[in-house]
Amino acid sequence: MSKDKPLIWDETFPSLLLKGEGTAAFLHGQTTADIFAQKQLERIFLSCWLSTKGSLKALLEIRLSSNMAEIVIISGEINSIVDGFESVIFPADKVKLEVIKPIRRIQKINKYQSWKEFSPIWIANSDLIQNEISDFAQVTKEELEIWKIRQGIPRFDREINGETNPYELGLGDIINLDKGCYLGQESIARFFRSKSLKYQLRYWEAYGKADDFDIGKKFFNTNQDNELKKKVGVVTSSIKINDNFFYGLALIKNNFINKSICFSQKDETITMKKPISFALPF
């Protein structure tokens, strides 16, 4: 990454539009954000869309305006969101859903602070003036993937796998526990009351061969081949930095998250850290 200029994350995301006087009430009941508390219109804020059992289905950015909300899908599958929303929209909700043109999004980033600390800007490609970003260095596709892994930004069909919940993925800071009913609320409340999680997301680094760190590969508590060897986690994302060095994300069992070292199936040593943007669950 460039050392001379501040860095910018510039990416285009699938987007949705909700329109109608019932927009705020509908989103309030479907996402983890307290929509009615977002009084400042045109401000972009993060929220989660969950299943009824509290697992994360999508990570969203939302911008409210009068009787309307634009939604950018940071992580998730747009058809699943459309089907999920449309299945619960009724005439009495006074809201309509549209799939709109993907939105280009830019955000200042660095290697040390959480991405949640910086405000994004949504722009239409035709409106972009090059001078607006001329003072920033754009990261390459590979640099962006490495940065996202270090941040712990969950991806659909990897960290977002139909089972993981926001607390396990470090997104508890964008769940409002005081708002009224919403999809998945009862499950989220149980997680919070019990303070019990199966896994937490961790960033890892290791030397080895490519097939040692494929998605789905297991991590172990020891490199000893005996009854003490137990599975402690599973790889969810992986990227090769050079011929034999890898970065990635893994779901690590909750009773092992305070350890800094684990081992691959072939006994390579793996260093683990909390991702930069990971919010402690409780």
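The paragraphs below set out a description of the structure included in this document. Because the structure is predicted, anything quoted here is derived from the model rather than measured. (Residues numbered from 1 in each chain as written. Predicted model: local features only at pLDDT ≥ 70, side-chain atom pairs only at ≥ 80, totals over all residues. Heavy atoms only, no water.)

## Comments concerning the overall build of the protein chain
Selection rule: Secondary structure elements are defined from DSSP: runs of H or I of at least 4 residues count as helices, runs of E of at least 2 residues count as strands, and each element is numbered from the N terminus. When we talk radius of gyration, it's over C-alpha atoms, and the globule rule is simply 2.2 Å times the number of residues to the 0.38. Contacts are residue-level and defined by heavy atoms, with any inter-residue pair within 4.5 Å sufficient. All accessibility values rest on the Shrake-Rupley procedure with a 1.4 Å probe; residue burial counts only the protein chains present in the view. For the purpose of charge, His is not counted, nor are the chain termini; Lys and Arg are scored as positive and Asp and Glu as negative. For this purpose, a charge sits on NZ of Lys, CZ of Arg, CG of Asp or CD of Glu.
Tallying secondary structure elements over the protein chain gives four helices and 13 strands in all. Rg of the C-alpha trace for the protein chain: 20 Å, near the compact-globule value of 19 Å for 282 residues, within the 12% margin. Along the first, second and third principal axes, the C-alpha set of the protein chain runs to 65 × 50 × 30 Å. Residue pairs in contact within the protein chain that sit at least 24 positions apart in sequence constitute 66% of those at least 6 positions apart. Total accessible area on the protein chain is roughly 14300 Å²; 48% of this is exposed by carbon and sulfur atoms. In the protein chain, 39 positive and 36 negative side-chain charges are present, and the distance between their average locations comes to 4 Å.

## Re a nonpolar patch on the surface
Condition: Residues forming no salt bridge and having over 30% relative accessible area are the ones grouped into patches, like charges within 9 Å of each other and nonpolar side chains (Val, Leu, Ile, Met, Phe, Trp, Tyr) within 5 Å. The term salt bridge refers to a pairing of a side-chain nitrogen on Lys or Arg with a carboxyl oxygen on Asp or Glu at a separation within 4 Å.
A cluster of nonpolar side chains, namely Leu177, Phe192 and Phe282, defines an oily patch on the protein surface of about 240 Å² accessible area. Locating Phe192 in the fold gives a position in helix 4 (residues 185-194).

## Structural notes on helix 1 (residues 23-30)
Worth spelling out the cut-off: For the exposure calls, accessible area comes from a 1.4 Å probe over protein chains only, and a residue counts as buried if that area is under 20% of its type's maximum, exposed if over 50%, partly exposed in between.
What helix 1 keeps buried is the set Thr23, Phe26, Leu27, His28 and Gln30. As for helix 1, its buried residues are in contact with strand 1 (7-19), strand 2 (44-50), strand 3 (56-65), strand 4 (68-75) and helix 2 (78-86).

## Some points on the sheet that holds strand 11 (residues 245-253)
Definition in use: Here a strand pair is declared whenever DSSP counts at least two bridges between the two strands. Lines fitted to C-alpha atoms define the axes here, with helix axes fitted over just the stretch in contact, and angles between the N-to-C directions of these axes take values from 0 to 180 degrees.
One closed barrel holds the six strands; their spatial order is 8-11-10-9-12-13, and the pairing between them is antiparallel. Neighbour-to-neighbour, the strand axes of this sheet turn through a mean angle of 40 degrees, independent of strand direction. As judged from the three bridges shared by strand 12 (residues 261-264) and strand 13 (residues 269-273), these two strands associate in the antiparallel manner. Across the sheet, Cys262 pairs through a bridge with Ile270, a residue of strand 13. Its contacts with the sheet place helix 3 (residues 141-151) against strand 8 (199-207), strand 10 (231-242) and strand 11, and it is angled at close to 155 degrees to strand 10.

## Brief notes about the pattern of salt bridges
Per the counting criterion, the structure on display carries 12 salt bridges. For Lys94, the salt bridge is made with Glu21, and the minimal N-O distance between the two is 3.9 Å. With Lys94 in the loop between helix 2 and strand 5 (96-109) and Glu21 in the loop between strand 1 and helix 1, this residue pair connects regions lying 73 residues apart in the sequence. You can call Lys94 partly exposed: its relative accessible area is 48%. A salt bridge links Asp173 to Lys116, with the nearest nitrogen and oxygen atoms 2.9 Å apart.

## Details of the side chain of Asn110
Heads up, the condition is: Two N or O atoms count as a polar contact when they lie within 3.5 Å, although within protein this holds only if one can serve as hydrogen donor and the other as acceptor, and sequence-adjacent residues are included solely when both atoms are side-chain atoms.
On the secondary structure map, Asn110 appears in the loop between strand 5 and strand 6 (121-123). On the accessibility criterion, Asn110 (19% relative accessible area) is buried. In terms of polar contacts, Asn110 uses its side chain to reach the side chain of Gln113, at 2.7 Å. Not counting residues within four places of it along the chain, the set of residues in contact with Asn110 comprises Phe118, Trp147 and Gln151.

## Section: the environment of Lys266
Mapped onto the elements of the fold, Lys266 is located in the loop between strand 12 and strand 13. Once the C-alpha coordinates of Lys266 and Asn223 are considered, the two residues, 43 residues apart in sequence, prove to be 8.1 Å apart. Every residue in contact with Lys266, bar those within four places of it in the chain, is listed here: Asp211 and Asp212.

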